[in-house]
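Overview (structure and organization)
Read off the chains here:
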Amino acid sequence: MTILNEEYYQALWNKYEHINTLNILDSNTAYLTLKFILNFYQKSQPIHINFQSSKNTIFEIGKQLFIEFVNDIYLNHYDLPTLKKGNKLRDKRNYRDGKKHYYIIKRIFNNTFNIEDIKTKANKNLKYDDIVKNYIPIEKGSRQLKGYTKFFSDLNGGIKMDFTPTNFEKKTVFIAKKPLWDCLPNRNKIPCTYLPNPREEGSATKIKSIPALQDCLAYFTPKYEVCYQDILIKGEKVKTIIVFDTEADKIEQILQDKSRFDFNLIVISNSYSPTKNESIPCWNWFKEEIEIVNAL
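A brief structural summary. (Residues numbered from 1 in each chain as written. Predicted model: local features only at pLDDT ≥ 70, side-chain atom pairs only at ≥ 80, totals over all residues. Heavy atoms only, no water.)

**So, the pattern of salt bridges**
Stated formally: We define a salt bridge as a side-chain nitrogen of Lys or Arg found within 4 Å of a carboxyl oxygen belonging to Asp or Glu. Labels follow the DSSP assignment, with helices taken as runs of H or I lasting at least four residues and strands as runs of E lasting at least two, numbered in each case from the N terminus. Remark: exposure states derive from per-residue accessible area (1.4 Å probe, protein chains only) relative to the maximum for the residue type, with buried under 20%, exposed over 50%, and partly exposed in between.
Counting across every chain of the model gives eleven salt bridges. The shortest N-O distance in the salt bridge between K150 and D154 comes to 2.5 Å. Of this pair, K150 and D154 both sit in helix α5 (residues 144–155), four residues apart, roughly one helical turn. Judged by relative accessible area, D154 falls into the partly exposed class, the value being 45%. Between D182 and K178 there is a salt bridge; the shortest N-O distance is 3.0 Å. Of this pair, D182 and K178 are both found in helix α6 (residues 178–182), four residues apart, which corresponds to roughly one turn of the helix.

**Some words on the packing of helix α2 (residues 28–42) against helix α10 (residues 287–294)**
The condition is simple: Every axis in this analysis is a line fitted to C-alpha atoms, fitted for helices over the stretch in contact. Angles between the N-to-C directions lie between 0 and 180 degrees. By definition in this entry, angles of less than 35 degrees are roughly parallel, angles greater than 145 are roughly antiparallel, angles of 65 to 115 are roughly perpendicular, and the rest are oblique. The contact definition used throughout considers only heavy atoms, calling two residues in contact when any of these lie within 4.5 Å. Nonpolar residues are Ala, Val, Leu, Ile, Met, Phe, Trp, Tyr, Cys and Pro. Charged residues are Asp, Glu, Lys and Arg, and all others, Gly as well, are polar.
α10 packs onto α2 with a crossing angle of 95° between their chain directions and a minimal axis gap of 8 Å. By the angle between their directions, the pair α2 and α10 is classed as roughly perpendicular. On the side of α2, the interface is formed by N28, T29 and L32, while α10 contributes I290, V293 and N294. Across the contact of α2 with α10, the residue classes break down as three nonpolar, three polar and no charged.

**With respect to the packing of aromatic side chains**
The line we're drawing: Aromatic rings from Phe, Tyr and Trp, taking only the six-membered ring of Trp, are treated as a pair when their centres fall within 6.5 Å; an angle between ring planes under 30 degrees marks them as stacked, one over 60 as edge-to-face, and anything in between as tilted.
Counted by the stated rule, this structure contains 23 aromatic pairs. Measuring from ring centre to ring centre gives 5.2 Å for F36 and F40, while their planes differ by 65°; the resulting arrangement is edge-to-face. Of this pair, F36 and F40 both sit in helix α2, four residues apart, which is roughly one turn of that helix. Plain terms: the ring middles of F59 and F244 are 5.6 Å apart, the flat faces sit at 85° to each other, and that makes the pair edge-to-face. Residue F59 is found in helix α3 (residues 55–76), and its partner F244 is found in strand β13 (residues 238–244); the two are separated by 185 residues along the sequence. There is no split in this pair, since F59 and F244 are both buried. By the ring-pair criterion, three or more aromatic residues cluster together here, those being Y16, F36, F40, F51, W283 and W285.

Put into structure tokens, the structure is as follows:
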């Protein structure tokens, strides 16, 4: 039964007013839904949100959830990088020549790293703490690295961290069709990886938003099967899987894997007859409710 009482929805709005977000969304319904999802996310509880013929609204929510979740991973689930002989490093500091300085790790002994300037061949010995503070381990040079650091600093009020996080102990995974990946905001400043479904997309080549970085904050793939094979059973830890308007027939399987791999599940769908599961509460937005909330 749908509750069509304005006071009820005003009380609902007030209930989630304390949930902070990084951005304010255009519609009240999208904004309230974002806060609603973040409340469950912060408690590591599953939730299913369904809209009915509201493609634009769920895309607005999906894009903002991407920012919220990757920022959480960036701030709270970073890991110190494992450095090996042969790793390439980029010096984060600014030099008078205005150029980027790159190094190779030549030797490691007693927690001391001997690194060599790729251009001048000059060597220096540094401790691990100095390496992670002043250098970024990379696969190849990229202009995007500065944008990456600045984006997350600006997003968090100019926060200054002791080192630039490049490795992460947990990931966010979106099970979503490629249009969501294609419209992600600031994707070129956020390390994320698209894992295609070879059987449908004709390619097995993953797409990295910042190719210079070895690790990422989030994965996107159109099929849960790809997530299972390429992420979960390979031992990567996942904090949250977001099933975004697809793979409804896989929810039961994902819920079974949830306890095995210790991740949370968020489902967002856009259907007049959403597939529900008793193990995950479902909030089903009706058109009349949306009109009331948007008018608050």
